[in-house]
Amino acid sequence: MSERRQSPFRFETAVLLLAVLTLTAACGWSGWDTKMTTVIPKSDFGKLTHGVFMLISWWTLWIFILVEAALLFAVWRFRERPGAPIPKQIHGHTALEISWTVAFAVILLIIGIPTIRVIFKTQEAPAATALRVDVTGRQWWWEFKYPALNVATANEAHIPVGQTIAFHLNGPDVIHSFWVPQLGGKRDVIPGRVNRLVLTPDTPGEYIGQCAEYCGTSHANMRFRVIVHSKEDFERWVAGQQAPAAEPKEPLAQKGKELFGQSACVGCHTIAGISAGVLGPNLTHFGSRKTFAGGMMPSTAENLVTWIENPGGMKAGVLMPNLGMKGEQSQALAAYLLSLK
Amino acid sequence: MATHAAFMPGEAAAAPSGLWSWITTVDHKRIGILYGTSAFIFFLVGGIEALIMRLQLAAPDNTLVGAQRFNELFTMHGTTMVFLAIMPMSAAFFNYMIPLLIGARDVAFPRLNALSYWVFLAGALLLNASFVVGAAPDGGWFGYATLTSKQFSPGQSIDFWVLGLQILGLSSLMAGFNFIVTIVNMRAPGMTLMRMPVFVWMSLVVQFLVVLAFPAITVALILLMFDRFFGTLFYAPAAGGDPLLWQHLFWIFGHPEVYILILPAMGIVSEVLPTFARKPLFGAPVVIYSGIMIGFFGFGVWSHHMFAVGMGPVADSAFSIATMLIAIPTGVKIFNWIGTLWSGSIRFTAALYFSLGFIAMFIMGGLSGVMHASPPVDLQQTDTYFVVAHLHYVLFGGSIFGLFSGAYYWWPKITGRMLDERLGTLHFWLMLIGFNVTFFPMHYLGLIGMPRRIYTYAPDLGWNFWNLVSTVGAFLIAVSFLVFIANVWKTMRAGAVASPDPWDGRTLEWAIASPPPVHNFGVIPTVHGRDELWLQKHGDGHGGTPAPRPPAPTRQDLASIHMPPPSYWPILLAASMLFMMSGALISIYQVVLGGLLTLYCMFRFALEYHRPHPQESLR
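Here the structure is a predicted model, which means the values were calculated and not measured. In this convention, every chain numbers its residues from 1, walking through the sequence in written order. Here chains are named by letter from A upward and ligands by number from 1 upward, in the order in which they appear as written. Owing to the predicted nature of the model, reporting of local features is limited to residues with pLDDT of at least 70; listing and counting of side-chain atom pairs is limited to 80 or more, with chain, interface and lining totals taken over all residues. The basis for the side-chain values is all heavy atoms of the structure; hydrogens and waters are excluded.

*Asks:* I'd like a description of the overall build of chain B, backed by residues and values.
*Replies:* Secondary structure assignment for chain B yields 19 helices and zero strands. Based on C-alpha atoms, the radius of gyration is set beside the globule rule, defined as 2.2 Å times the residue count to the power 0.38. Relative to a compact globule of 619 residues, whose C-alpha radius of gyration would be 25 Å, chain B shows 25 Å and is just as compact. If one aligns the C-alpha atoms of chain B with their principal axes, the spans along those axes are about 75 × 65 × 50 Å. Each residue is placed in one exposure class: buried if its accessible area under a 1.4 Å probe, protein chains only, is under 20% of its type's maximum, exposed if it is over 50%, and partly exposed if it falls in between. Per-residue burial for chain B yields a buried fraction of 65% across its 619 residues. For the purposes of this entry, the term helix denotes a DSSP run of H or I that reaches at least four residues, the term strand denotes a run of E that reaches at least two, and both are numbered from the N terminus.

This is the structure in structure tokens:
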């Protein structure tokens, strides 16, 4: 017992253990079911990779506990005792060293085989029935086009549940990465090539995505949403998007339409029947979207006015220029855009 | 012989002092101290950058620094910690310790050694000068094409980065060749390769990694420089270039770089544990072979940084398997370290605490590394805070803990003063707790989807609390380093004087005075085993007689020692290189003038003539 008291680090070890345990437990309590969680997958892709994740997590957790325990035990058990002789000079133990080398190799096999199976499974070519969505990553927003449906939108992709989706990823500027954590892993968007990410969502809902490859000033503001609908809701959404741009009814919005047609807006934005710009998001059904500016701001009249009057103030480095719109002009534009349901 | 002694140990026992003697020094010990001091200062700079980032991320939608500043901060934090803090801290130990550990009087090329340091300092100053002119690099430490092209980064920020890294690479290459030649050729008689201390072995592996990996990034940087300065299109997809070429070139350097950063710390731990457990390193040959294997495999795993780019299932599988294989030699080392402690008689010192901290934290970093080795898992974790946690468990929990273990271990040898053990222990516990409070929650943040390199985040994602905790932890780490600085301050003024062998050490450096005389060894020792000094003091523990101690040096011995004289050409050559390179940002005339100056200094450096030692000419 006096021996225990002499231990120079018993208190510190306890503190350390307590700290690690608290952190681990606290992280657990905070809950895993958050809006961008990677551990509650909502697609086949996500479930496959999550299986490998859990397998490796358990193995590494046990190894972690075992090895840290061995380390702490050795440090505690073999601490210096007063008057102890010089310990025996052991240089090694061949059998022991071979056996732990083999043990590592076996564990790696256990996690390596499912890894390779899932690599091939998740990169299979999509079935012909898959719905193709062309994703264009741009500084700093996302464009989604449905070539088969003749639909184009921005920052909010809509897809049907239970249907295999083939995202074709491409971009004109720098490297981005397409990532919706709840639907599965990320895939880089690389200028000059077309990458593919195939997945089948299995639960309707709204999932948050974000660019995961550093892409310049407003990388943090390059967010988006993927909305997984039931089949019927998806068809309704497609029909809405295929419809021509709505005619504004209110006078303010009508004025906005006029202003839009006369201003430099048309150089970058498309509104079907009015303009055909391709540098910025397609605004034909802007009013049907919940957010704008790289999925960052809720689409309210107030936010839109602030945005139009000073885009750079809302989103650092934004490429949309300040056109000097003021007062009623920006309010009219905002009213018009919101009327484009 | 070209080198004649200008230093006369028999007459001037004390080394010359004063600023000029430091500027012109070619003594490996002084160069080591210069490296260590500069690296620690840059470590603090990188740390302050990290603290500002942590403050910005302490709360969602925070506006302490803007997007642009934040991007500069994480770019410079990464670049600084890798190239200006950890690498030169390791270089400090290579410089100071390798000659002492192998029983040599200096490195093979002492003036080249001085040049390495001054060129390193030139590159470091150029990189940080970017802050002064308001154009700090903002492309990430990995500088991915096409973001770094003139089109998407039009200012001079990336130019600073490209030029700075090229200069730093030159310094690393010169040092790498120097240490390879030193270790291969200058070992004391009897020190076969397998009798070489494990720290020297790991250093040797690191030098080979440096000379093989740095050419890759040099090529990548030169292509980028051509793209930016001369309008070539190596990385421009629209013109048939390939942005992925950059990634391959960068990571075939970048992954061995990880081992360049961690192997020196592994070497230090392999020296510290045997000393304080009072037992030889368990399975030393296996630890050595493992180090070689890690270095070798390190060149075959670079694409595991690129699992998300879409290389296809075959490449993904191949790089996944190669990466998992590296876990074997790494795991073996950890078991060997625990085997070293097992049935030892462990004395607790600050140096040992830091080594234990290294093992405990590195286990965690290694295991999360195994997770990323699996592409399906990595697709969720790459570019999230999970990876930030992982890499800091390896490079902070690993490298920094290991390097500070070395600092506490060799401090008495280097300065002749003992550090305060109580403050050292306090430093350790504060740092260990601060480190875990900072980085452990990042595993969780990454798993719930927080991406890296974002200057702000929305408040409704569940990331708020643990980001705040992490920020608090970062300040705990900062406090721990204040304790270290206080310890140094206090003991340099009034610390206990260190004996030659304060820890009952096992290797040759403890056989000579603390700090060592300029010529290190009066008589070059003859080596009988890996733990030569231990063999001299205690025998082999199996009833054999202790190894013979080398005889005390006679006047004759001391008089015949050749030490290289000081030279001001290394610093002049480095300065003219800096002048030339910074000209690329200012004016072509400066480049030409700087180039001519550099050439001139090179010739003077190469043809420097040394006045013969008076006693030399007598003979």
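Moving on, there is more to tell.
*Asks:* Break down the packing of aromatic side chains for me, with residues and values.
*Replies:* Working definition: an aromatic ring pair is given by the centre-to-centre distance plus the angle between the planes. What counts as a ring pair is set by centres within 6.5 Å for rings of Phe, Tyr and Trp (its six-membered ring), and what kind of pair is set by the plane angle: stacked under 30 degrees, edge-to-face over 60, tilted for all other angles. What the rule picks out here adds up to 79 aromatic pairs over all chains. Between B:Phe83 and B:Trp141, the aromatic rings sit 6.3 Å apart at their centres with planes inclined by 50 degrees, giving tilted as the arrangement. Here B:Trp141 lies in the loop between helix 4 (110-132) and helix 5 (157-185) and B:Phe83 lies in helix 3 (residues 67-101), a separation of 58 residues in the sequence. Assessed through its relative accessible area of 16%, B:Trp141 is described here as buried. An angle of 85 degrees between the planes, with centres 5.7 Å apart, marks the rings of B:Tyr235 and B:Trp246 as edge-to-face. Taken together, the residues B:Tyr235 in the loop between helix 6 (198-230) and helix 7 (243-277) and B:Trp246 in helix 7 connect sequence positions eleven residues apart. Note on criteria: charge over ring means Lys NZ or Arg CZ within 6 Å of the ring centre, with the direction from the centre no more than 35 degrees off the ring normal. Above the ring of A:Trp179, the side-chain terminus of A:Lys186 is found at 4.1 Å from the ring centroid.

*Asks:* Any chance you could break down the nonpolar core for me, citing the residues and the numbers?
*Replies:* Within soluble globular proteins, side chains that are nonpolar tend to cluster in buried spots. Among buried residues, those of type Ala, Val, Leu, Ile, Met, Phe, Trp, Tyr and Cys that are joined through side-chain atoms within 4.5 Å constitute a nonpolar core. Of all hydrophobic cores here, the largest spans 253 residues; its most connected members are A:Phe167, A:Phe178, B:Phe83, B:Trp246, B:Phe358 and B:Phe404. Looking at which domains feed residues into this core, each of domain 1 (2-121) and domain 2 (131-241) of chain A supplies at least three. Any two residues whose heavy atoms approach within 4.5 Å at even a single point are treated as in contact. Beyond its immediate stretch of four places on either side in the chain, B:Phe83 contacts B:Pro88, B:Phe120, B:Trp141, B:Leu165, B:Leu168, B:Phe214 and B:Phe253. The next biggest cluster of nonpolar side chains, apart from the first, holds 25 residues, and it includes A:Ile271, A:Phe292, A:Met314 and A:Val318. As used throughout, domain bounds are those supplied by an automatic or database domain assignment.

*Asks:* Any chance you could break down the sheet that holds strand 1 (residues 131-138) of chain A for me, citing the residues and the numbers?
*Replies:* Residue and element names in this part refer to chain A. When DSSP finds two or more bridges between a pair of strands, those strands are recorded as paired. Here we have five strands laid out as an open sheet, ordered 3-2-1-5-8, and mixed in their pairing. Across the chains shown, the open sheet's two edge strands, defined by having one partner strand only, are strand 3 (151-154) and strand 8 (195-199). Across the sheet, the axes of successive neighbouring strands diverge by a mean angle of 20 degrees, strand direction being ignored. Inspection of the sheet shows strand 5 (residues 165-170) paired to strand 8 by five bridges, in the antiparallel sense. In the sheet register, Phe-167 faces strand 8, and the bridge partner there is Leu-197. Lines are fitted to the C-alpha atoms to define the axes, a helix being fitted only along its stretch in contact, and any angle between axes, read from their N-to-C directions, falls within 0 to 180 degrees. Where helix 5 (residues 231-242) meets the sheet, it contacts strand 1, strand 2 (141-146) and strand 3, and its direction lies at approximately 95 degrees from that of strand 3.

*Asks:* Provide a residue-level description of the domain arrangement of chain A, including the pertinent values.
*Replies:* Splitting chain A by domain gives domain 1 (2-121), domain 2 (131-241) and domain 3 (251-338). On a C-alpha basis, the centroid separation for the pair domain 1 of chain A and domain 3 of chain A is 53 Å.

*Asks:* Can you tell me about a nonpolar patch on the surface, naming the residues and giving the values?
*Replies:* Residue and element names in this part refer to chain B. Exposure above 30% relative accessible area and the lack of any salt bridge qualify a residue for a patch; like charges then connect within 9 Å, and the nonpolar side chains Val, Leu, Ile, Met, Phe, Trp and Tyr within 5 Å. Note on areas: Shrake-Rupley with a 1.4 Å probe; residue coverage comes only from the protein chains shown. For this analysis, a salt bridge means a side-chain nitrogen from Lys or Arg found within 4 Å of a carboxyl oxygen belonging to Asp or Glu. Side chains of Ile-588, Tyr-589, Val-592, Leu-596, Leu-599, Met-602, Phe-603 and Leu-607 sit close together on the surface and give an oily, nonpolar patch of about 920 Å² of accessible area. Counting through the fold element by element, Leu-607 comes out in the loop between helix 18 (588-606) and helix 19 (614-618). Under the relative-accessibility criterion, Leu-607 is labelled exposed at 65%.

*Asks:* So, the pattern of salt bridges: which residues are in play, and what are the values?
*Replies:* In the structure shown here, the tally under the stated rule is 21 salt bridges over all chains. The partner of A:Lys255 in a salt bridge is A:Glu328, with the nearest N and O atoms 2.5 Å apart. With A:Lys255 in helix 6 (residues 251-262) and A:Glu328 in helix 9 (residues 327-339), the pair connects residues that are 73 residues apart, well separated along the chain. Given a relative accessible area of 47%, A:Glu328 falls into the partly exposed group. With a shortest N-O distance of 3.2 Å, B:Arg506 and B:Asp531 are connected by a salt bridge. Residue B:Arg506 is located in the loop between helix 14 (464-494) and helix 15 (532-538), and its partner B:Asp531 is located in the loop between helix 14 and helix 15; the two are separated by 25 residues in the primary sequence. Overall, B:Asp531 belongs to the buried group, its relative accessible area being 15%. Here the salt bridges share partners, and the residues they tie into one network are B:Arg278, B:Asp501, B:Asp504 and B:Lys537.

*Asks:* Just give me the short version of the interface of chain A and chain B, but keep the residues and values in it.
*Replies:* Listed by partner, the interface residues are 93 residues for chain A and 105 residues for chain B. For the pair chain A and chain B, the summed buried area comes to about 8400 Å², and 70% of that belongs to carbon and sulfur atoms. Linking chain A with chain B are two salt bridges. Polar contacts here mean pairs of N or O atoms no more than 3.5 Å apart (in protein, one a potential hydrogen donor and the other a potential acceptor; neighbouring residues in sequence count only if both atoms are side-chain atoms). For the pair chain A and chain B, the number of links is 25 residue pairs in polar contact (both at pLDDT 80 or more). Contributions of two or more residues to the side of chain A that touches chain B are made by helix 2 (10-29), helix 3 (44-77), helix 4 (94-122), strand 7 (187-189) and strand 9 (205-210) of chain A. A per-element tally of the side of chain A that touches chain B places helix 3 of chain A first, with 16 residues. Buried area: the accessible surface (1.4 Å probe) lost by two parts on joining, summed over both.

*Asks:* Kindly report on the confidence of the model for chain B, identifying the contributing residues and their values.
*Replies:* Residues and elements named next belong to chain B. The pLDDT value tells you how sure the predictor is about a given residue, anywhere from 0 up to 100. Per-residue pLDDT for chain B has a mean of 93; in total, 96% of the residues score no lower than 70. Low pLDDT (under 50) marks residues 1-13, which in the prediction has 29 contacts with non-local residues, meaning those over four places away or in another chain. The ipTM assigned to the predicted complex is 0.92, against a pTM of 0.94.

*Asks:* For the state of the cysteines, give the residues involved together with the corresponding values.
*Replies:* All names here are of chain A. Pairs of cysteine sulfur atoms within 2.5 Å are identified as disulfides in what follows. Per the stated rule, a full pass over the model turns up zero disulfides over all chains. With no disulfide partner, Cys-268 has as its closest neighbouring cysteine sulfur the one in Cys-265, 8.8 Å distant. A relative accessible area of 27% means that Cys-268 is categorised as partly exposed.

*Asks:* Before we move on, could you go through empty space enclosed by the protein and cite the residues and values that matter?
*Replies:* All names here are of chain B. Computed over the protein atoms alone on a 1 Å grid, cavities are sets of points where a 1.4 Å probe fits but cannot get out and pockets are open sets with protein on both sides within 12 Å along at least five of seven lines; a residue lines them when it has an atom within 4 Å of a point. Grid points are joined across faces, edges and corners, and a volume is the space filled by probe spheres set on the points. One pass over the full model with this rule turns up six cavities of 30 Å³ or more. The space that makes up the largest cavity amounts to roughly 210 Å³. Around the largest cavity sit 18 residues that line it, and Met-87, Pro-88, Ala-91, Ser-172 and Ala-175 are the ones nearest its centre. Mapped by element, the contributors of at least two residues to the lining of the largest cavity are helix 3, helix 5 and helix 6. In terms of residue class, the lining of the largest cavity is made up of 13 nonpolar, five polar and no charged. Here the nonpolar group is Ala, Val, Leu, Ile, Met, Phe, Trp, Tyr, Cys and Pro; Asp, Glu, Lys and Arg are the charged ones; every other residue, Gly included, is treated as polar.

*Asks:* Account for the sheet that holds strand 10 (residues 223-229) of chain A, naming residues and giving values.
*Replies:* Backbone-to-backbone hydrogen bonds join strands into a sheet, with any given pair of strands oriented parallel or antiparallel. All names here are of chain A. Strand order in the open sheet formed by three strands is 4-10-9, and the pairing between neighbours is mixed. With one partner strand each, in any of the chains shown, strand 4 (156-160) and strand 9 form the two edges of the open sheet. Between one strand and the next, the sheet's axes are offset by a mean angle of 25 degrees, whatever the strand orientation. Sheet topology places strand 4 next to strand 10; five bridges connect them, and they run parallel. Within strand 10, the residue paired with Ala-157 across the bridge is Val-226. Each of strand 4 and strand 10 is contacted by helix 5, which is oriented at about 135 degrees to strand 4, the strand it contacts most.

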